[in-house]
Amino acid sequence: MLFHTGKTKVAFSALIETGGAHGPFNKDKTLAFNKVFTNIGDAYNSCSGVFTAPVTGVYHFSFFYHAGGEHKARLTLFKNSEMIVKSSDHQTGSDGADNGGNAAVLQLQQGDKVYVSMPANHHVWAAENHTSFSGFQVC
Amino acid sequence: MLFHTGKTKVAFSALIETGGAHGPFNKDKTLAFNKVFTNIGDAYNSCSGVFTAPVTGVYHFSFFYHAGGEHKARLTLFKNSEMIVKSSDHQTGSDGADNGGNAAVLQLQQGDKVYVSMPANHHVWAAENHTSFSGFQVC
Amino acid sequence: MLFHTGKTKVAFSALIETGGAHGPFNKDKTLAFNKVFTNIGDAYNSCSGVFTAPVTGVYHFSFFYHAGGEHKARLTLFKNSEMIVKSSDHQTGSDGADNGGNAAVLQLQQGDKVYVSMPANHHVWAAENHTSFSGFQVC
């Protein structure tokens, strides 16, 4: 069976699984989502956490996280050095945990890099399939 | 007008609407998102809550929920019996409500089943268009 | 290079950036996501916040927001005058901030309008890349 004749297939989906809280660290950190479910076209690098567009096109990206209240939480989706979308949560003693996420459709040139970064002094919960990063080529 | 000649179109989107809190129950439960907006290809079963891949391909799934703080909340996206992505919230007396969700891109074989399950003793808010499950074929 | 010969490309992604809290207002308001990242096919109007389907087809939409606890938060995705999916948060003195979002796949006729609306007396955080609206044609 033929799908999309002539189209490059690019799609990935991965979790960050380090066994518990990830961070806080003393500097900004690109999250390496290391448990990969899908990596069609092999454009996502699970060691660096960076997706590199293999062809010029339009791509959809999303990320979701869980985080306890003991530290601030914030993840930002970057295209090269440009901040695209972000999700944050405050430190709080009264609410045990929160969730966040965001998504964007981006027109990428071949070689553009997309990744999720966490600022210094923030954290996320990197266990039990909670914190994910996915993308695919729309057209 | 012809789009994607030769491609099977598969896409669905549904809400769970039971009139209020759904759960907690005394065992794990697949959520039957019963208010269907879209079901192109008829691959999503609104009675069982299960999506069955009609053709081998790459699919995107997402779910979103709202939940009060009176009980724990947790939804997990499964592919057959494999846990894929999850979103959780703690029980709390101090924060009235929270939201969560997650997404994944999955390579499915024809007949693979994808669904959202809630563990025993958890709950979500199943009213007013808050808790949803969507999917579509990427390629 | 040719992708999807014969397919209209439609995809957009935008943030609402007004410099801080947006609302509460004394009536319902369609959010004008004014900082546009992507607008292929020019179907999203950043002045009105309204997406108008340029061709009949199947489309995916998502929105995400951040909101402080000082007022209620609620965003609803509408198709014409039909409420599709929603995400809400309560007013609270104890939890500084929360996040929400939702998504749907919709079959649209040419000219159908899709937008995100906030009810009277609610608010969202419209700063620092937190509150977004995206969509693209699936098929």
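As the structure is a computational prediction, the values presented were derived from the model and not from experiment.

A. Quick look at the confidence of the model for chain A. Considering every residue of chain A, the mean pLDDT works out to 93; 93% of them sit at 70 or more. When the criterion is pLDDT under 50, residues 1–6 of chain A qualifies, and its contacts beyond four places in sequence or with other chains add up to 14 contacts.

B. Here's a closer look at the environment of S48(A). All names here are of chain A. Relative to the helices and strands, S48 resides in the loop between strand 5 (44–45) and strand 6 (50–52). Residues S48 and V58, 10 residues apart in the sequence, show an inter-C-alpha distance of 22 Å. Apart from the residues lying within four places of it in its own chain, the contact partners of S48 are T30, L31 and A32. Reaching out from S48, the side chain makes a polar contact with the backbone nitrogen of V50 at a distance of 3.2 Å.

C. Summary view of the relation of the copies chain A and chain C. Expressed as a screw operation, the relation of chain A to chain C combines 0.0 Å of axial shift with a rotation of 120 degrees, fitting to an RMSD of 0.0 Å. Expressed as a symmetry operation, the mapping of one chain copy onto the other fits a three-fold axis.

D. Expanded view of the interface of chain B and chain A. Taken together, the 36 residues of chain B in the interface contact 31 residues of chain A. Contact between chain B and chain A buries roughly 2400 Å² in total, counting both sides, with carbon and sulfur atoms accounting for 56%. On the chain B side of the interface with chain A, the three residues burying the most area are K86(B), V105(B) and C139(B), jointly 21% of the side's total. The interface formed by chain B and chain A contains 0 salt bridges. The tally of links from chain B across to chain A stands at 12 residue pairs in polar contact (both at pLDDT 80 or more). Where the side of chain B that touches chain A is concerned, the elements lending two or more residues are strand 7 (57–68), strand 9 (82–89), strand 10 (97–108) and strand 13 (132–137) of chain B. Considering every element that reaches the side of chain B that touches chain A, the biggest residue donor is strand 10 of chain B, with 10 residues. Each residue belonging to the side of chain B that touches chain A can be placed in one class, and the counts come to 14 nonpolar, 15 polar and 7 charged.

E. Quick look at the sheet that holds strand 13 (residues 132–137) of chain A. Residue and element names in this part refer to chain A. Spatially, 4-1-13-7-10 is the arrangement adopted by the 5 strands of the open sheet, whose pairing is antiparallel. Since the sheet does not close on itself, it has two edges, and those belong to strand 4 (35–40) and strand 10 (97–108), each with one partner. Ignoring which end each strand starts from, the neighbouring axes of this sheet average 5 degrees apart. Direction of pairing for strand 7 (residues 57–68) relative to strand 13: antiparallel, over a ladder of 6 bridges. Bridge pairing in strand 13 places F63 opposite F133.

F. Local environment of the packing of aromatic side chains. Inspection of every chain in the model, using the stated rule, returns 39 aromatic pairs over all chains. Here the aromatic rings of F51(B) and F61(B) are separated by 5.2 Å at their centres, their planes lie at 70 degrees, and the arrangement is edge-to-face. Here F51(B) is found in strand 6 (residues 50–52), whereas its partner F61(B) is found in strand 7, with 10 residues between them in sequence. Here the two residues F51(B) and F61(B) agree in accessibility, since each one is buried. These aromatic residues form a ring-pair network of at least three members: F12(A), F33(A), Y44(A), F51(A), Y59(A), F61(A) and F133(A). Lying across the ring of F25(A), K29(A) places its NZ or CZ 3.9 Å from the centre.

G. Examining the interface of chain A and chain C more closely. Tallying the contact residues gives 36 residues for chain A and 31 residues for chain C. Between chain A and chain C, the buried area comes to about 2400 Å², and carbon and sulfur atoms account for 56% of it. Ranking the residues of chain A by area buried against chain C places K86(A), V105(A) and C139(A) at the top, with a combined share of 21%. Counting across the interface, chain A meets chain C through 0 salt bridges. Across the contact surface, chain A and chain C share 12 residue pairs in polar contact (both at pLDDT 80 or more).

H. Molecular detail of the pairing of strand 9 (residues 82–89) of chain A. Residues and elements named next belong to chain A. Counting buried residues along strand 9, 6 of its 8 residues qualify, which places the element largely inside the surrounding structure. Relative to strand 9, strand 8 (residues 73–79) runs antiparallel, the two being bridged by 7 bridges. Residue pairing across strands places A73 opposite D89, the latter belonging to strand 9. Following strand 8, the chain reverses through 2 residues before pairing antiparallel with strand 9; N80 in that reversal takes a positive phi of roughly 55 degrees.

I. Structural context of the pairing of strand 11 (residues 113–118) of chain A. Residue and element names in this part refer to chain A. Counted residue by residue, strand 11 has 5 buried out of 6 residues, so it is predominantly covered. Relative to strand 11, strand 6 runs antiparallel, the two being bridged by 2 bridges. Among the inter-strand pairings, F51 is bridged to a residue of strand 11, identified as V114.

The rules behind each value
- Residues numbered from 1 in each chain as written.
- Chains lettered and ligands numbered in written order.
- Predicted model: local features only at pLDDT ≥ 70, side-chain atom pairs only at ≥ 80, totals over all residues.
- Heavy atoms only, no water.
- pLDDT = per-residue confidence, 0-100.
- Contact = heavy atoms within 4.5 Å.
- Helix = DSSP H or I, 4+ residues; strand = E, 2+ residues; numbered from the N terminus.
- Polar contact = N/O pair within 3.5 Å; in protein donor to acceptor, adjacent residues only side chain to side chain.
- Least-squares fit on C-alpha atoms with pLDDT ≥ 70 in both.
- Buried area = accessible area lost by both parts, 1.4 Å probe.
- Salt bridge = Lys/Arg side-chain N within 4 Å of Asp/Glu carboxyl O.
- Nonpolar A, V, L, I, M, F, W, Y, C, P; charged D, E, K, R; others polar.
- Pairing = 2+ DSSP bridges.
- Axes fitted to C-alpha atoms, helices over the stretch in contact; angles between N-to-C directions.
- Phe/Tyr/Trp six-rings, centres within 6.5 Å; stacked < 30°, edge-to-face > 60°.
- Buried < 20%, exposed > 50% of the residue type's maximum accessible area, 1.4 Å probe, protein only.
- Lys NZ or Arg CZ within 6 Å of the ring centre and 35° of its normal.

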